[in-house]
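# Architecture at a glance
Given next are the chains, with one letter for each unit.
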Amino acid sequence: MITAKLTLHTTPQQFQALRATQLAYRDALNYVSQYAYAHGKSSNRVFLQDGTYDSVRARFHLPSQMACSVPRQVGATYKTLWTKVKQNAAHRKAGHTKKRYKGLDKPPKYVSPTLTYQYKKDYSFKHEQHLSVLTLDGRVIVPYTGYCEHVTLIEKGTHIGAAKLWYDKPKKQFYLLVSLELEGADPTPESHTRVVGVDVGCRYLAVTATTSGSQAFHSGKAIVPKANHYARLRKRLQKKGTRSATRRLVVISGRERRLKQDANHVVSKRIVSEHPHSLIGLEDLTHIRERTKRRTRRRKKNGKGTQPVSRKQRKANAAYSKWSFAELHSMIAYKALLHESMAIKVDAHSTSKACPMCGHTSKANRPKNGLLFVCQNCHYTLHADLVGARNVTLRTLLARQDWASTGSLSVTPDVSSAEIKAARLSRYAELRWSLDTSPSHSMGRGD
């Protein structure tokens, strides 16, 4: 799935019609959100539609399809919040956190006026780059422009999904964000002849390694000063707390988000363009924030109670909280498909602590958790992030060999949960880094 961003060239009358529709849709979302909260914080979209459909149609004058989309969107929001509540309860029970999730303490409020359109019901494409969109006053025909490749895909009849009508307030410009589903040939081991491992982190946005010995470091050093500037500015504005400061915070948050998003786009595009027809291994970093130990209080000193956290630790916590690895992974995954490659998740257990030459795994292999990796068994020395990338490469190669031998792509053995980890660690301990570890040389081998 990719998203095509289309610029809508509206007349003043069309602009007002689209803006009025957006605001009415947002008001309807908040109305249904209040209804759901008052009825047991329900996430059942059928229940919400039955209870609010007539009111939404009468009060906000939304067309029938939009009136059906509103409870569906509110139900999805409540379902997400309930999932977070359950996850928080599990984390509190396991001792990972003491904070209670407060997302359902009050009804969720929708601030963004983004409007959801259903294809062939709320909007459709016409000839010569025109499209028909639904408003409160009926349909309007609007010309559009966009990225040439995206426009070509739309004109060729690519499978088109739902769209979002987004309004850029500073530019006073409407955009339609259209979901496009691309179809490709079924992947096979023969069509993915290369293996690449990607290690993401804070010091470097990504480090790649291949079985042929090539490597690349993608640094995010250029954006660090700007990100730190935004963090300091945000802190001052939050402390001030005025309405103008809040408006400024909204502007800054958008700039910071676009800054990091642009850096991730550049890095992901560079990775996939350099490695076509490849099987790209990404670390499975699910729940990494809960598994990453971040100190909030220092230990007791001479029995006098806890001491405030140090400045160095505060900076480390801030760096981890700004780590946008999930976004980078998602960009690599979808761009890989556009370059006839495929990204898979592999186990991230001790990728930066295991020696790729002898298999020795120890926390002592990373002295002071620094950039240098020194194996305590064979004294192999290398950049720690590159060691992580090579271990990911080896595990991706192992998954590809299993794929070639069994015909199914799976990164875990088909055994019980307790045995899965032991079986994986046992196989990983047998892996050895060598320039001969390539799909052509190692087909059918387990090392």
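Residues numbered from 1 in each chain as written. Predicted model: local features only at pLDDT ≥ 70, side-chain atom pairs only at ≥ 80, totals over all residues. Heavy atoms only, no water.

As for its position among the elements, His329 is in helix H9 (residues 325–338). Judged by its relative accessible area of 6%, His329 falls in the buried class. (Helix = DSSP H or I, 4+ residues; strand = E, 2+ residues; numbered from the N terminus. Buried < 20%, exposed > 50% of the residue type's maximum accessible area, 1.4 Å probe, protein only.)

When pLDDT is averaged across the protein, the result is 81; 83% of the residues are at 70 or more. Long-range and interchain partners of residues 298–302, a stretch whose pLDDT sits below 50, account for 10 contacts in this model, where long-range means more than four residues apart. Across residues 441–447, confidence stays below pLDDT 50; counting only partners more than four residues off in sequence or on other chains, it has 14 contacts. (pLDDT = per-residue confidence, 0-100. Contact = heavy atoms within 4.5 Å.)

This part covers the nonpolar core. The biggest cluster of nonpolar side chains holds 45 residues, and the ones touching the most others in it are Tyr117 and Leu176. Not counting the four nearest positions on each side in its chain, Leu176 is found in contact with Ala4, Lys5, Leu6, Leu8, Tyr117, Tyr123, Leu131, Ala163, Lys164 and Leu165. Core analysis: the next-biggest nonpolar cluster, separate from the first, contains 25 residues, Ile223, Tyr230, Leu233 and Ile252 among them. (Core = buried A, V, L, I, M, F, W, Y, C linked by side-chain atoms within 4.5 Å.)

The next point concerns helix H4 (residues 148–155). For H4, the set of buried residues is His150, Val151 and Ile154. Across the axial projection of H4, the buried residues extend over an arc of 100°, all falling on one side. Looking at H4, the residues exposed on the side facing more than 90 degrees away from the buried face are Cys148, Glu149 and Glu155. Buried residues in H4 make contact with strand E1 (2–8), strand E3 (123–126), strand E5 (138–146), strand E6 (159–168) and strand E7 (173–181). Residue Gly157 follows H4 closely and has a positive phi angle near 90°. (Arc of directions from axis to C-beta.)

On to the environment of Arg72, then. Take Arg72: it is sitting in helix H3 (residues 64–94). Here the alpha-carbon distance between Arg72 and Arg45, two residues 27 residues apart in the chain, equals 5.1 Å.

In this section: unusual backbone geometry. In this structure, His61 takes a positive phi of about 60° despite not being glycine. Looking at the element boundaries, His61 is found in the loop between helix H2 (45–60) and H3. Positive phi outside glycine occurs at Glu340, with the angle close to 60°. For Glu340, the location among the structural elements is in the loop between H9 and strand E12 (342–346).

Right, let's talk about the packing of helix H5 (residues 224–240) against helix H6 (residues 243–274) for a bit. At a minimum axis distance of 10 Å, the contact between H5 and H6 shows a crossing angle of 160°. One element, H5, and the other, H6, form an angle in the roughly antiparallel class. Along this stretch, H5 crosses H6, giving a crossing that reads as left-handed. Of the residues in H6, those in contact with Lys226, Ala227, Tyr230, Leu233, Arg234, Leu237, Gln238 and Lys240 of H5 are Ala245, Arg248, Leu249, Ile252, Arg255, Glu256, Leu259 and Lys260. (Axes fitted to C-alpha atoms, helices over the stretch in contact; angles between N-to-C directions. Parallel < 35°, antiparallel > 145°, perpendicular 65-115°, else oblique. Left-handed = near helix turned anticlockwise from the far one by under 90°.)

As summarised here, the arrangement of the 5 strands in space is E10-E9-E8-E11-E12, forming an open sheet in which the pairing is mixed. The open sheet is flanked by strand E10 (215–219) and E12, the only strands paired with a single partner. Strand-to-strand twist in this sheet, taken as the mean axis angle between neighbours without regard to direction, amounts to 25°. Contacts from H9 reach strand E8 (194–199), strand E9 (204–210), strand E11 (278–283) and E12, with the element oriented near 165° to E11. (Pairing = 2+ DSSP bridges.)

This part is about the sheet that holds E5. Backbone-to-backbone hydrogen bonds join strands into a sheet, with any given pair of strands oriented parallel or antiparallel. As summarised here, the arrangement of the 7 strands in space is E2-E6-E7-E1-E5-E4-E3, forming an open sheet in which the pairing is antiparallel. Only two strands of the sheet have a single partner each, and these edge strands are strand E2 (115–117) and E3. Neighbour to neighbour, the strand axes of the sheet diverge by 35° on average, direction disregarded. Direction of pairing for E6 relative to E7: antiparallel, over a ladder of 8 bridges. Looking at E7, one finds that Trp166 is bridged to Tyr175.

This part takes up the packing of H2 against H3. Where H2 meets H3, the closest approach of the two axes is 9 Å, and the angle between their N-to-C directions is 140°. Judged by the inter-axis angle, H2 sits oblique to H3. For the pair H2 and H3, the sense of crossing is right-handed. Residues Arg45, Leu48, Gln49, Thr52, Tyr53, Val56 and Arg57 of H2 touch H3, and the partners they reach there are Ser64, Ala67, Cys68, Pro71, Arg72, Val74 and Gly75. Looking at the contact of H2 with H3 residue by residue, the class counts come to 7 nonpolar, 4 polar and 3 charged. (Nonpolar A, V, L, I, M, F, W, Y, C, P; charged D, E, K, R; others polar.)

Each pair of aromatic rings is reported with the distance of its centres and the angle of its planes. Per the counting criterion, the structure on display carries 12 aromatic pairs. Centroid distance Phe15 to Tyr167: 5.7 Å. Interplanar angle 65°. Geometry classified as edge-to-face. On the criterion of sequence distance, the pair formed by Phe15 in helix H1 (residues 12–38) and Tyr167 in strand E6 is long-range, its members being 152 residues apart. The residues Phe15 and Tyr167 share a single accessibility class, namely buried. Taking the centre distance of 5.6 Å and the plane angle of 70° together, the rings of Phe125 and Tyr144 count as edge-to-face. With a gap of 19 residues between them, Phe125 in strand E3 and Tyr144 in strand E5 connect regions that are remote in the sequence. Judged by relative accessible area, Tyr144 falls into the buried class, the value being 3%. (Phe/Tyr/Trp six-rings, centres within 6.5 Å; stacked < 30°, edge-to-face > 60°.)

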